[in-house]
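# A closer look at the structure
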Amino acid sequence: MKTQNERIVEWNAERQLIKTPNDVDLCKEISFITEECLEMVSDIKSEDARQMAESIACNSILAHSDDIVNAPRAVDALCDIIVFCTGAIRKLGYDPDIAMDEVLKEIESRTGSIQNGKFTKDKSPEAVSKWYTADFTKAEL
């Protein structure tokens, strides 16, 4: 059985989202995280959150920096984000492992294509009929 992290990497690889370290666009990666944060705290539609997140991330200091990506620093920050997210899920009364498994089942059930470097869901009736919806009641503590 694959670990959650192996499933996440596989999902990214299947959608051609894995790049070489030299091709990583941290502005884009920050925009993905920002988009999810915007969706978490508001009723902004996904498409609108994506545009807002790209604007926020691409207008940040990072976008104006000539620094070469410092991979260890980026990995440290991204791991810190995972730690805080995992803690927040637990504080909300959910088992983070079960919640993540539900999310993975949901995203793995979707088909789509890459548009502007982001996976975009196929929203045709046939595709939507195959989508799994995460059942977070399974993760409640």
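Residues numbered from 1 in each chain as written. Predicted model: local features only at pLDDT ≥ 70, side-chain atom pairs only at ≥ 80, totals over all residues. Heavy atoms only, no water.

Under the defined criterion, the tally for this structure stands at twelve salt bridges. The partner of Glu54 in a salt bridge is Lys28, and the shortest N-O contact between them spans 3.7 Å. Here Lys28 lies in helix α2 (residues 26-41) and Glu54 lies in helix α3 (residues 46-58), a separation of 26 residues in the sequence. Since its relative accessible area comes to 27%, Glu54 is described here as partly exposed. For Glu47, the salt bridge identified is with Lys123, shortest N-O distance 2.9 Å. With a gap of 76 residues between them, Glu47 in helix α3 and Lys123 in the loop between β2 (118-121) and α6 (125-128) connect regions that are remote in the sequence. Taken together, the salt bridges that share partners define one network made up of Arg7, Asp101, Glu102, Lys105, Glu108 and Lys138. (Salt bridge = Lys/Arg side-chain N within 4 Å of Asp/Glu carboxyl O. Helix = DSSP H or I, 4+ residues; strand = E, 2+ residues; numbered from the N terminus. Buried < 20%, exposed > 50% of the residue type's maximum accessible area, 1.4 Å probe, protein only.)

Next up on the list: unusual backbone geometry. For Gln16, which is not glycine, the phi dihedral falls at a positive 55°. By secondary structure assignment, the location of Gln16 is in the loop between α1 (4-14) and α2.

A separate point is the environment of Thr120. Within the secondary structure, Thr120 sits in strand β2. Given a relative accessible area of 19%, Thr120 falls into the buried group. The sequence separation of Thr120 and Arg110 amounts to ten residues, and the corresponding C-alpha distance is 9.4 Å. The contact partners of Thr120, leaving out residues within four places of it in the chain, are Arg50, Thr111, Gly112, Ser113 and Gln115. (Contact = heavy atoms within 4.5 Å.)

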